[in-house]
Amino acid sequence: MTDKAMTDKNRDYQSLGRQVVSTEIAQVTALLERINDDFDRACELILSCTGRVVVTGMGKSGHIGGKIAATLASTGQPSFFIHPTEAIHGDVGMMVNGDTCLMISHSGNTSELLSIIPAIKRLGLPIISVTSNANSKLSHYSDVVLNTYVKEEACPFNLAPTNSTTVTLAIGDAIAISLLKKRGFKAEHFALRHPGGNLGRRLLTKVSDIMIKENLPISHYKDSF
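Below: a short report on this structure. Keep in mind that what you see is a predicted model, and the values were worked out from it rather than measured.

Quick notes on the rules
Residues numbered from 1 in each chain as written. Predicted model: local features only at pLDDT ≥ 70, side-chain atom pairs only at ≥ 80, totals over all residues. Heavy atoms only, no water. Axes fitted to C-alpha atoms, helices over the stretch in contact; angles between N-to-C directions. Helix = DSSP H or I, 4+ residues; strand = E, 2+ residues; numbered from the N terminus. Parallel < 35°, antiparallel > 145°, perpendicular 65-115°, else oblique. Left-handed = near helix turned anticlockwise from the far one by under 90°. Contact = heavy atoms within 4.5 Å. Nonpolar A, V, L, I, M, F, W, Y, C, P; charged D, E, K, R; others polar. Core = buried A, V, L, I, M, F, W, Y, C linked by side-chain atoms within 4.5 Å. Buried < 20%, exposed > 50% of the residue type's maximum accessible area, 1.4 Å probe, protein only. Right-handed = clockwise from strand over helix to strand, strands pointing away. Pairing = 2+ DSSP bridges. Polar contact = N/O pair within 3.5 Å; in protein donor to acceptor, adjacent residues only side chain to side chain. 1 Å grid on protein atoms, 1.4 Å probe; cavity = no way out; pocket = protein on both sides within 12 Å on 5 of 7 lines; lining within 4 Å. Points joined across faces, edges and corners; volume = space filled by probe spheres on them. Patch = residues over 30% accessible without salt bridge, like charges linked within 9 Å, V, L, I, M, F, W, Y side chains within 5 Å. Areas by Shrake-Rupley, 256 points an atom, 1.4 Å probe, with all protein chains shown as cover. Salt bridge = Lys/Arg side-chain N within 4 Å of Asp/Glu carboxyl O.

A few points about the packing of helix α2 (residues 37-47) against helix α7 (residues 163-183)
The packing of two helices is summarised by the inter-axis angle and the distance between the axes.
Right, so step 1: Running from N to C, α2 and α7 point in directions that differ by 55°, and their axes come no closer than 10 Å. The angle between the axes of α2 and α7 places the two elements in the oblique class. Considering how the two elements wind past one another, α2 and α7 form a crossing that is right-handed. Across from F39, C43, I46 and L47 in α2, the residues of α7 making contact are I171, A174, I175, S178, L179 and R183.
Right, so step 2: Residues of the contact of α2 with α7, tallied by class, amount to 8 nonpolar, 1 polar and 1 charged.

Notes on the nonpolar core
Burial of nonpolar side chains together is a common tendency in soluble globular proteins.
Right, so step 1: In terms of nonpolar packing, the biggest core is built from 23 residues, with L72, L102, I128, L146 and I175 touching the most fellow members.
Right, so step 2: The residues contacting I128, other than those within four sequence positions of it, are A42, L45, I46, T100, C101, L102, M103, V144 and L146.
Right, so step 3: Grouped together as the second largest cluster of nonpolar side chains are 14 residues, F80, I116, I117 and L125 included.

Side note on the pairing of strand β1 (residues 53-57)
Right, so step 1: In terms of burial, β1 is a largely internal element, 5 of the 5 residues being buried.
Right, so step 2: Burial along β1 is two-sided: the residues V53, V55 and G57 and V54 and T56 are all buried.
Right, so step 3: At this point the chain moves from β1, through helix α3 (residues 59-74), to the parallel strand β2 (residues 79-81), and the crossover so formed is right-handed.
Right, so step 4: Where β1 meets strand β3 (residues 100-104), 5 bridges bridge the pair, whose relative direction is parallel. Within the sheet, the bridge partner assigned to G57 lies in β3 and is I104.

Overview of the side chain of S139
Right, so step 1: Tracing the backbone shows S139 in helix α6 (residues 137-140).
Right, so step 2: Only 2.9 Å separates the side chain of S139 from the backbone oxygen of N133, close enough to count as a polar contact.
Right, so step 3: Ignoring sequence-local partners within four residues, the contact set of S139 consists of S129, T131, N133, A134 and V145.

Some thoughts on the layout of surface pockets
Right, so step 1: Of the pockets and cavities examined, the largest pocket occupies roughly 160 Å³.
Right, so step 2: Forming the walls of the largest pocket are 16 residues, and the residues nearest its centre are S61, H106, P161, S164 and T165.
Right, so step 3: Taken together, the elements giving at least two residues each to the lining of the largest pocket come down to α3, β4 (127-131) and α7.
Right, so step 4: Residue composition of the lining of the largest pocket, grouped by class: 6 nonpolar, 8 polar and 2 charged.

Looking at a nonpolar patch on the surface
Right, so step 1: A cluster of nonpolar side chains, namely I212, L216 and I218, defines an oily patch on the protein surface of about 370 Å² accessible area.
Right, so step 2: Structurally, I212 can be placed in the segment after α10 (207-210).
Right, so step 3: The exposure class assigned to I212 is exposed, which follows from its relative accessible area of 62%.

As structure tokens, then:
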């Protein structure tokens, strides 16, 4: 392949990449109009939660749900992800009174999620649904519905979850950071939840923790090498 052909090929990749990013930006921007009273209710429901936020979702929604649960947990709201298939085979027992359920489904009709709703209702737990289908079965059984409708996916076949997962991730971040600010969450609170790695060391480590205090080599300023 000639240098010109390689350059043209690289430009094709760049053009395609920019198209994907552009369409995702457009769909996230459209989400601004849906940060409304339902968003307020969802935040208040979680803020008043005396237990944990139990996040669940299938497939790509599940992967996004895991990240949302992790973000909530690291910013002051106890939370964990539960796989819906495992939930219907016993893990629903991980849910207790005082919990709030955050259920994620693009279609709003994911059978695995719908199958655990009766158990959740018997426990009396509120349900916040994140879905692009406000008329879905999941929406019908939810106490609050967060609409994450997207006009299209970035996938040319409108099949691979791309824009929809990005928008869902954005709404999850919006909830977590809104609650963080409402709680008056501070850097030191964040540090306590991140004791490992560079972040934890930067926020928690004091000079007194690492300074050498004994057997120090001492020399006089007049000593020569």
